Amino acid sequence: MRTSRFLLATLREDPSDAEVISQRLMLRAGMISRLAAGIYSWLPLGLRVLRRAERVVREQMDATGAQELLMPAVQPAELWQESARWEKYGPELLRLKDRHQREFCFGPTHEEVITDIVRQKVSSYRQLPACFYQIQTKFRDEIRPRFGLMRAREFLMKDAYSFHRDEASLDDTYQAMHGAYSAIFSRLGLKFRAVAADTGSIGGASSHEFHVLADSGEDAIAYSPGGYAANVELAPAPPAPPRPAPSASRESVRTPGQHSIAEVSAFLNVPPDRIVKTLIVRGADGGLVALLLRGDHELNAVKALRLPQIAQPLQFATPADVRTALGCDFGSVGPVDFPGPVIADHAAAALADFVCGANADGYHLSGVNFGRDLPEPETADIRNVLAGEPAPDGSGPLAIARGIEVGHVFKLGTVYSEKLACTVLDENGRDAVMTMGCYGIGVSRVVAAAVEQNHDARGIVWPQALAPFEVALVPINLHKSPAVAEATETLYAQLTAAGVDVLLDDRPERPGVMFADMDLIGIPHRLVIGERGLKDGLVEYKARRDEEAQNIPLAEATGFIR
Ligand code: ATP
Ligand code: MG
Ligand code: MG
Ligand code: MG
């Protein structure tokens, strides 16, 4: 490919509205283009990367014996009513009406459609197990689309669904998918971790998520040296110790340092799984942390947000002040009597420390908005809360890392097959409800996650498996030097014949501009052809991660790359 014939839509300046590195770099590199909130076009350069990701996913899915199919993006409401998700799914489901006022949705996932196919087309237990997958565009009307491809509304997903006679068969396929996912993310050159996960709204018995580790990740995962690994949404809070005497507990909270959920729960005399919302404590690094503690079905999930930007003196007089200030609601604590004055004192004490004792009357935190004045809860740093706590399985102290959920495998059981009457005839000629699994990968999110993990000050550094081109061929003075032109064409032809994907930069640009563009778009290898080197039969080689270039014989260039 020649840059003169290719849409290289690189930008000199950073896009002003980019919130994370992948979004900034992919926009600057001209890989994607924003059409509307959470809706992006894939430009030719970006599409090459997406297709590479897809290819790896497809090869590993095929290797498990899964069969590829393609289901419609638009799905009739009736199917979703059958599964009872038409009501349950909420506003993330984009609902549409056709010209006859019939209701449809744009599929955010395809459990209903695949189950409908299988109940019609699969009739005998002999046809099981069966696993089907597609790589297809999904739409989820995310409440807060952001971070470019990471939390888009329209995005590309690989979704697979398996059907079984019994649990044991599901276990086998679940393990095979787990293995395939590990192979996919390894081949893509990503640092990732598989963690136990909540089954959320999809339901089912068991689930694991695959996370690409990156500080920009919206999820936090807790892991131990002994092999425990879970999304913190699942990681249970440590058991609460007996409640200390009030004065002692208040003292312990006043002491700068880390406060575990157990301490907090003991201090408030609220079981950890009943702590519902906000509380302010000092984090391990001395910074102030507001904890958003979710209760009940969400399993004591903890999200913390740090408040370093509050530089003015503050005072909370009552729990209502805290509620107003942080937009939180204490009302749902239920039968537990919320110890109002305690939290007020406690918060005031912690805040007083933080603001160097400026806990004076007349100072209030008011009119605060998440996102504007405080970090969004989802992006908050929970390191100070669970880090160092014992893992629930006793496998050592927990460490916390941030992760980007790129894949998710579920054991669904019979949730959908029962509702949709998806049965086969068993050996005795009786109807048997199928057992199901489902397995997703956010293919477009994977591409963004790869950039989050692989970049430097000059731009993207694609892992080999994802690179849009393998080699950037950059001639100096191509249009003035016949020697350079000839050597360039010869090498371009050789590389191409050897099956190397080359991008020849034949624009009449200054070398600095060409180098900057090739670095920005992240091509793993660069060959520079100049008149001076050619006199000695040399070209210059630099790997994208190298600081220094080296000279290599022109005659050996193709072999050097391969
Ligand atoms: P999240 O927790 O990030 O909202 P999810 O748990 O809702 O994701 P799943 O229903 O498990 O997502 O879908 C399978 C995969 O699809 C996810 O693991 C993720 O990689 C991808 N995905 C989900 N939502 C988005 C999105 N808004 N943009 C890009 N990819 C997404
Ligand atoms: Mg989601
Ligand atoms: Mg999730
Ligand atoms: Mg998920």
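Cut-offs used in this document
Residues numbered from 1 in each chain as written. Chains lettered and ligands numbered in written order. Predicted model: local features only at pLDDT ≥ 70, side-chain atom pairs only at ≥ 80, totals over all residues. Heavy atoms only, no water. Helix = DSSP H or I, 4+ residues; strand = E, 2+ residues; numbered from the N terminus. Contact = heavy atoms within 4.5 Å. Areas by Shrake-Rupley, 256 points an atom, 1.4 Å probe, with all protein chains shown as cover. Donors = N, O, S within 2.8 Å, 3.2 Å for Na, K, Ca; no water. Buried < 20%, exposed > 50% of the residue type's maximum accessible area, 1.4 Å probe, protein only. Near = heavy atom within 4 Å. Polar contact = N/O pair within 3.5 Å; in protein donor to acceptor, adjacent residues only side chain to side chain. Pairing = 2+ DSSP bridges. Axes fitted to C-alpha atoms, helices over the stretch in contact; angles between N-to-C directions. Parallel < 35°, antiparallel > 145°, perpendicular 65-115°, else oblique. Left-handed = near helix turned anticlockwise from the far one by under 90°. Expected span 1.5 Å × (residues − 1). Salt bridge = Lys/Arg side-chain N within 4 Å of Asp/Glu carboxyl O. pLDDT = per-residue confidence, 0-100. Core = buried A, V, L, I, M, F, W, Y, C linked by side-chain atoms within 4.5 Å. 1 Å grid on protein atoms, 1.4 Å probe; cavity = no way out; pocket = protein on both sides within 12 Å on 5 of 7 lines; lining within 4 Å. Points joined across faces, edges and corners; volume = space filled by probe spheres on them. Nonpolar A, V, L, I, M, F, W, Y, C, P; charged D, E, K, R; others polar. Phe/Tyr/Trp six-rings, centres within 6.5 Å; stacked < 30°, edge-to-face > 60°. Lys NZ or Arg CZ within 6 Å of the ring centre and 35° of its normal.

Caption draft 1: View of the overall build of the chain. On a plain count of helices and strands, the chain comes out with 17 helices and 26 strands. For the chain, contacts bridging at least 24 residues in sequence account for 67% of all contacts bridging at least 6. If you sum the accessible surface of the chain, you get close to 24,000 Å²; carbon and sulfur atoms cover 51% of it.

Caption draft 2: Layout of the coordination of the magnesium ion (ligand 4). Protein coordination at the magnesium ion (ligand 4) comes from E405 (OE) and H408 (ND1), with a distance range of 2.1 to 2.2 Å. Here the magnesium ion (ligand 3) and the magnesium ion (ligand 4) are spaced 3.2 Å from one another, each receiving a donor from E405. A relative accessible area of 11% means that H408 is categorised as buried.

Caption draft 3: Looking closely at the site of ligand 1. Neighbouring residues of ligand 1: 14 residues in total, closest E142, R151, A152, E405 and R445. The contact in question runs from an oxygen atom of ligand 1 to an N or O atom on the backbone of V406, over 3.2 Å. A distance of 3.1 Å separates an oxygen atom of ligand 1 from a polar side-chain atom of H408. The fraction of the free accessible surface of ligand 1 (580 Å²) that becomes covered by protein chains is 86%. At the level of elements, β8 (154-164) and β16 (399-413) are the ones that each hand at least two residues to the shell around ligand 1.

Caption draft 4: Geometry of the sheet that holds strand β6 (residues 103-106). Spatially, β4-β6-β5 is the arrangement adopted by the 3 strands of the open sheet, whose pairing is antiparallel. Whereas interior strands pair on both sides, the edge strands pair on one side only; in this sheet they are β4 (74-76) and β5 (94-97). Sheet twist, expressed as the mean angle between neighbouring strand axes with direction ignored, is 40°. The pairing of β4 with β6 spans 3 bridges and is antiparallel. Bridge pairing links V74 to F106 in β6.

Caption draft 5: Structural context of the sheet that holds strand β23 (residues 502-504). The sheet built from 5 strands is open, its strands ordered β23-β22-β24-β25-β26 with mixed pairing. Bordering the open sheet on either side are β23 and β26 (550-553), each of which pairs with just one other strand. Each adjacent strand pair in this sheet contributes to an overall mean axis angle of 30°, direction not counted. In this fold helix α15 (residues 511-521) packs onto β22 (471-475), β23 and β24 (525-529), with an angle of close to 175° to the strand it touches most, β22.

Caption draft 6: Layout of the packing of helix α2 (residues 44-63) against helix α6 (residues 167-187). Orientation of α2 relative to α6, taken along the N-to-C sense of each, is 150°, at an axis distance of 9 Å. As far as their axial angle goes, α6 and α2 are roughly antiparallel. In the packing of α2 onto α6, the handedness of the crossing is right-handed. The residues of α6 that touch α2, namely those facing V56, V57, E59, Q60 and M61, are M177, A180, Y181, A183, I184 and R187.

Caption draft 7: Spotlight on the pairing of β6. Direction of pairing for β5 relative to β6: antiparallel, over a ladder of 4 bridges. Considered in β6, the bridge of R95 is made with C105. Connecting the antiparallel pair β5 and β6 is a turn made up of 5 residues, with Q101 showing a positive phi of about 65°.

Caption draft 8: Structural view of the packing of helix α1 (residues 21-28) against helix α13 (residues 443-453). At their nearest, the axes of α1 and α13 sit 8 Å apart, and the two run at 100° to each other. In terms of orientation, α1 and α13 fall into the roughly perpendicular class. On α13, the residues touching I21, S22, L25 and M26 of α1 are V447, A448, V451 and E452.

Caption draft 9: α6, seen in detail. Compared with the 30 Å implied by 1.5 Å per residue over 21 residues, the 30 Å span of α6 between its first and last C-alpha is a close match. Downstream of α6 by one or two residues, G189 has phi in the positive range, about 75°.

Caption draft 10: Fine view of the environment of V113. Note on placement: V113 falls in helix α5 (residues 111-121). The class of V113 is buried, set by a relative accessible area of 9%. Between the C-alpha atom of V113 and that of P72, which follows or precedes it by 41 residues, the distance is 8.4 Å.

Caption draft 11: Spotlight on the pattern of salt bridges. Counting across every chain of the model gives 31 salt bridges. Close ionic contact of E489 with R2 constitutes a salt bridge, the shortest N to O distance being 2.9 Å. Residue E489 is found in helix α14 (residues 482-497), and its partner R2 is found in the segment before α1; the two are separated by 487 residues along the sequence. Residue classification places E489 among the partly exposed residues on the basis of a relative accessible area of 36%. Residue R151 is joined to E142 by a salt bridge in which the shortest nitrogen-to-oxygen separation is 3.1 Å.

Caption draft 12: Structural context of the confidence of the model for the chain. This prediction gives the chain a mean pLDDT of 78; 71% of its residues lie at or above 70. Scored below 50 in pLDDT, residues 236-260 makes 48 contacts in the model with residues more than four places away or belonging to other chains. Ignoring residues within four places in sequence, the model shows residues 274-384, a span with pLDDT below 50, making 229 contacts including any to other chains.

Caption draft 13: Representation of the nonpolar core. Among the nonpolar cores identified, the biggest contains 64 residues, and M31, F185, W462 and I521 are the most heavily contacted of them. Counting 26 residues, the second-largest nonpolar core is a separate cluster that includes C105, V118, L412 and M436.

Caption draft 14: Representation of empty space enclosed by the protein within the structure. Scanning the entire structure with this criterion turns up 3 cavities of 30 Å³ or more. Of the pockets and cavities examined, the largest cavity occupies roughly 60 Å³. What lines the largest cavity is F147, M150, R151, S216, E218, D219, I404, E405 and R445. Class assignment of the residues belonging to the lining of the largest cavity gives a composition of 3 nonpolar, 1 polar and 5 charged.

Caption draft 15: A look at the packing of aromatic side chains. For the structure on display, the rule yields 10 aromatic pairs. With 6.2 Å between their ring centres and 85° between their planes, Y181 and F185 make a pair best called edge-to-face. Taken together, the residues span about one helical turn, with Y181 and F185 both in helix α6 at a distance of 4 residues. One aromatic cluster in this structure is built from Y181, F185, F192 and F210. The ring of W86 is capped by R95, whose NZ or CZ atom sits 4.8 Å from the centre of that ring. Its guanidinium or amino end placed over the ring of Y174, K411 lies 5.0 Å from that ring's centre, counting from NZ or CZ.

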